[in-house]
Amino acid sequence: MTNYEGKKHFQIPNNEVKDNKIIRKPRPKPKENFNHISHAVKLSSGIENIRKNKKDHKYIKSDFSVFKVVMDEGKQVERRGDYQKIFDSNGLKVNALITNNEAIVSADSKALNKLESKINSYKTKSTNRPLWDYVDSIDILSTEDKISAQIQKEIDELKVERNIDVEILVAPVFRNDADGRNVQQEVESKLRKYNITQPEEEPVVLDDNSVSMHFYIPSSAIRDFASENFILEIESAEYLGPSESHDDNSVDIDQVVLDPNVQLDDLPVVTVMDDGIKFPDNLDPVVKGTYPAKPNDNLYVDSTIKEFAEHGTKVASRLVFGENLIEQSRQKVFIPHVQVIDARIATGKVNATSLIKRIKQTVEDLHEVSKIFLFSYNTDQRFDKKNISKLGAELDALTIKYGVVFIVPTGNHELYKQVSDHSMIVADDRSKISAPADSFFATSVASVSNRNNDISSSFSRVGAGFNESLKPGLSYPGGDTEVEANGTVSNYGVEVISNEGKIVWDLGTSFAAPLAAKDTAILYLHILEKYGSIFPQNDRTRISVFMAKALLYHRANKATDFVFNSEVGFGNADLNKVENSFLNDATYMRYGKLRRQHKQKLLFHVPEIIEKNQTRGKEVVRLVTTVISFSTANRLSGTDYLDGYVSTSLHGLNGSGNDTTLNPAHMSGRSKWYNIHHTSVPIKALTSGDWTLDLEYFSKPTVKDEKEIEYIALITLESEDDNQMDIYSEIQAQNRFNIINSVQIDATFEEGES
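Residues numbered from 1 in each chain as written. Predicted model: local features only at pLDDT ≥ 70, side-chain atom pairs only at ≥ 80, totals over all residues. Heavy atoms only, no water.

**Student:** Account for the nonpolar core, with residues named and values stated.
**Tutor:** Counting residues in hydrophobic clusters, the biggest one holds 81 residues, and the most contacted among them are Phe-321, Phe-334, Ile-407, Tyr-476 and Met-547. In contact with Met-547, not counting residues within four places along its chain, are Ile-527, Phe-535, Met-589, Arg-590, Tyr-591, Ile-712 and Leu-714. (Core = buried A, V, L, I, M, F, W, Y, C linked by side-chain atoms within 4.5 Å. Buried < 20%, exposed > 50% of the residue type's maximum accessible area, 1.4 Å probe, protein only. Contact = heavy atoms within 4.5 Å.)

**Student:** Residues and numbers for the confidence of the model for the protein, please.
**Tutor:** Of all residues in the protein, 89% have pLDDT values of 70 or greater, and the mean over the chain is 86. Below pLDDT 50 for its whole length, residues 558-562 participates in 16 contacts with residues either more than four positions away or in separate chains. This model gives residues 741-745 a pLDDT under 50, and the stretch forms 17 contacts once residues within four places in sequence are excluded. (pLDDT = per-residue confidence, 0-100.)

**Student:** Tell me what's going on with the sheet that holds strand 10 (residues 231-236), and back it up with residues and numbers.
**Tutor:** Spatially, 8-9-7-10 is the arrangement adopted by the 4 strands of the open sheet, whose pairing is antiparallel. Across the chains shown, the open sheet's two edge strands, defined by having one partner strand only, are strand 8 (204-205) and strand 10. In terms of strand pairing, strand 7 (residues 163-170) meets strand 10 through 5 bridges, oriented antiparallel. Within strand 10, the residue paired with Val-170 across the bridge is Ile-231. Sheet strands in contact with helix 6 (residues 149-157) are strand 7 and strand 10, and its direction is about 65° off that of strand 10. (Pairing = 2+ DSSP bridges. Helix = DSSP H or I, 4+ residues; strand = E, 2+ residues; numbered from the N terminus. Axes fitted to C-alpha atoms, helices over the stretch in contact; angles between N-to-C directions.)

**Student:** So, unusual backbone geometry: which residues are in play, and what are the values?
**Tutor:** Cis geometry marks the peptide bond from Tyr-291 to Pro-292; its omega dihedral reads -5°. One can find Pro-292 in the loop between strand 15 (287-291) and helix 9 (312-321). In this model, Gln-597 sits at a positive phi of 60°, which is unusual for a non-glycine residue. Assessed through its relative accessible area of 18%, Gln-597 is described here as buried.

**Student:** Which residues make up the packing of aromatic side chains, and what values do they have?
**Tutor:** For any pair of aromatic rings, the description rests on two quantities: the centre-to-centre distance and the angle between the ring planes. Counted according to the given criterion, the structure contains 15 aromatic pairs. For the ring pair Phe-375 and Tyr-377, a centre distance of 5.4 Å and an interplane angle of 25° mean the geometry is stacked. Ring centres 5.6 Å apart and planes at 20° place the aromatic pair Tyr-645 and Phe-698 in the stacked group. With Tyr-645 in strand 30 (residues 644-653) and Phe-698 in strand 33 (residues 689-699), this residue pair connects regions lying 53 residues apart in the sequence. Judged by its relative accessible area of 27%, Phe-698 is partly exposed. (Phe/Tyr/Trp six-rings, centres within 6.5 Å; stacked < 30°, edge-to-face > 60°.)

**Student:** An account of the packing of helix 14 (residues 513-531) against helix 15 (residues 540-554) is needed here, citing residue identities and associated values.
**Tutor:** Remark: helix 14 packs on helix 15, axes separated minimally by 8 Å, with the N-to-C direction vectors making an angle of 125°. In terms of orientation, helix 14 lies oblique with respect to helix 15. For the element pair helix 14 and helix 15, the recorded crossing hand is right-handed. Where helix 14 approaches helix 15, its residues Asp-519, Thr-520, Leu-523, Tyr-524, Ile-527 and Leu-528 are matched on the opposing element by Arg-540, Thr-541, Ser-544, Val-545, Met-547, Ala-548, Leu-551 and Leu-552. A class-by-class count of the residues in the contact of helix 14 with helix 15 yields 9 nonpolar, 3 polar and 2 charged. (Parallel < 35°, antiparallel > 145°, perpendicular 65-115°, else oblique. Left-handed = near helix turned anticlockwise from the far one by under 90°. Nonpolar A, V, L, I, M, F, W, Y, C, P; charged D, E, K, R; others polar.)

**Student:** Give me the pairing of strand 5 (residues 102-107): which residues, what numbers.
**Tutor:** Within strand 5, 6 of the 6 residues are buried, leaving the element largely enclosed by the surrounding structure. Of the two faces of strand 5, the one holding Glu-102, Ile-104 and Ser-106 and the one holding Ala-103, Val-105 and Ala-107 are both buried throughout. Relative to strand 5, strand 3 (residues 65-71) is paired through 6 bridges, and the arrangement is antiparallel. Looking at strand 5, one finds that Val-69 is bridged to Ala-103. Bridge analysis of strand 4 (residues 93-99) against strand 5 gives 5 bridges, and the strand direction is antiparallel. Directly across from Leu-97, in strand 5, lies its bridge partner Ala-103.

**Student:** How would you summarise the layout of surface pockets if you had to cite specific residues and measurements?
**Tutor:** Within this model, the largest pocket holds a volume of roughly 980 Å³. As for the largest pocket, its lining consists of 40 residues, and the residues nearest its centre are Thr-379, Asp-380, Gln-381, Arg-382 and Arg-461. Taken together, the elements giving at least two residues each to the lining of the largest pocket come down to helix 6 and strand 7. Among the elements that make up the lining of the largest pocket, the one with the highest residue count is strand 7 (3 residues). Looking at the lining of the largest pocket residue by residue, the classes come out as 9 nonpolar, 17 polar and 14 charged. (1 Å grid on protein atoms, 1.4 Å probe; cavity = no way out; pocket = protein on both sides within 12 Å on 5 of 7 lines; lining within 4 Å. Points joined across faces, edges and corners; volume = space filled by probe spheres on them.)

**Student:** Any details on the pattern of salt bridges? Residues and values, ideally.
**Tutor:** Evaluated as defined, the whole model comprises 37 salt bridges. With a closest N to O distance of 2.7 Å, Glu-235 and Lys-390 form a salt bridge. One end of the pair, Glu-235, is in strand 10; the other, Lys-390, is in helix 12 (residues 390-402), and 155 residues separate them in sequence. When its relative accessible area of 8% is taken as the criterion, Glu-235 is described as buried. Taking the shortest distance from any N to any O, the salt bridge between Asp-506 and Lys-314 comes out at 2.8 Å. Here Lys-314 lies in helix 9 and Asp-506 lies in strand 26 (residues 502-506), a separation of 192 residues in the sequence. With respect to burial, Asp-506 and Lys-314 carry one shared label: buried. (Salt bridge = Lys/Arg side-chain N within 4 Å of Asp/Glu carboxyl O.)

**Student:** Could you give an account of helix 12, with specific residues and numbers?
**Tutor:** With 13 residues, helix 12 extends 18 Å from end C-alpha to end C-alpha; this agrees with the ideal 18 Å at 1.5 Å per step. With 12 of 13 residues buried, helix 12 is to be regarded as a mostly interior element. Listed as buried for helix 12 are Lys-390, Leu-391, Gly-392, Ala-393, Glu-394, Leu-395, Asp-396, Ala-397, Leu-398, Thr-399, Ile-400 and Tyr-402. In the stretch just after helix 12, Gly-403 is the one whose phi turns positive, near 65°. (Expected span 1.5 Å × (residues − 1).)

This is how it looks when you write it as structure tokens:
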């Protein structure tokens, strides 16, 4: 790490971006030697099955039918022209694109009749053969498609009937919450004959307008419910809760005061969504407010019980005061880094459906005063489903809708009690992340040992995430354990404050996540104050918090260590390095937007001093790029979860001055349909000048042509071996990328503009 004074990062403004439109026109042809008449009969038979299934509805009445359209293997529903001809022009609503060639669709009677007419025309007049030849089938969803593997296994292994705790997902064909409640009442009325007391929870309308409901259903009735047309999923109910307590000794802090030199109102604000915060009176001023607004409103949490704020106080103490609480207590002064809002949303284990409703309301009410939300609850089991978790998907939707960042732990496991070899624990599928850390846009935080920050804690869940996404995001100390030869477990906890107002020792990813939230909040406020004036005024807080998240990923470790790994993610942050560039270490940053069928070339300057300092065969500089795109998503689409992503490609000048592509082999760090593209490239021979990072937006046909995707792009040039060459000053002398506070970045382009 250089000792030079920190300097402002550079920006890539619009006049250093070339925007070009790309035209793609697929020209499909009819299949050769293909009997389209018999194929039309097959498609018509599928429509008859859909009508019959609708007549057999037992519980849910509607004019709509839900069914599946499957294209030939290798033929993509995602091709925009086919999409418009099959779905848009026939009044069919696509609820989800499950794979490249499969869609879940809903249609009313009129649209279904229109679809049947088109297929009859295809049969008798060969109309639109280049389209319908490639539609493999149109048919109902099978019960096997709807019942989760976990429930199916449970049913198969049962010897006697029992009630199963499930969450049912109803297709998004209803208009509002009232319709959702009506659906719930219909299902409940059919369940009354089983004399089962049902959970007292209202249905939740998810971001994609599907309806999630929590029920207890007899095992013998599961298949019957799955055959209902509008039911899309039946899966085991998920419960989220805090980690177990590991308190041992305690230290009084009744004589400690808050640092009088810190102005609390100048600190950033983080909302802690937990079971409450109960600081002693001498520390309570760091709590900016309580949610729900009335302190005595025990809507979700009973503040009169002994267990009140047992988990949330510890989490908040780690967030506000950081590490080394014992050392701070010896000085009789605690230094706060953030203010907190105490959002009391849960006590103990809570069903995911209930939590979704509470979190949505919390963020809707608080997003203007708090841009960072810390939620330190997880499921007990690793995430292993075919779709992203409902809560994970809702966190993603709230991120895009309100411009906020969620910080969540990866979760804890107890494999260390069975397996002593650390590498075997990390490789074991049972150690993988748990919901809601599968959320694509949430910052998921693993725990590293407080004795060795280079390895994950023995209990910490690790990546990769859903669909092999880059998880965890960051890693911070959360304690560790060690199993002795005689089987005794020794805990090496971290210092936290209990709800009894004492310093105690605890461990878990719940206490690693607050440190990430603290750094995110500090960095967010730094960006807002130092760079906010270059962002459009109405979006400054949104852009600043997205930029904070991206910078932490981009610069969490030294550039030479930038390779992501599924144990510790991008590592943990040295805030001084994240906040600043240095003479031998310069970062370009850009917030932008991209349209479909457009490619942007982001220009950045590679200084001549790097070229002059190169030595044959030796790495002279490392070039690191991170692009995080913020797309809408659809949980029902399975592994094709995101609606769009930004593809990246790095181009520079080699030692001969010729344009060369510098992307790592095998799409490493640049996978399709991932929201994070991250590369770290050592450069041995180069020619100075303008290099480019090329960005292109790919999206599903459900996304309108005029819809834009937001992105954060970061590019760092860092000299190897801590070489003290002055990269920064030469870029600064160009006077092209300097931050000028009076200029705002306008992230949009007129068509064809460059």
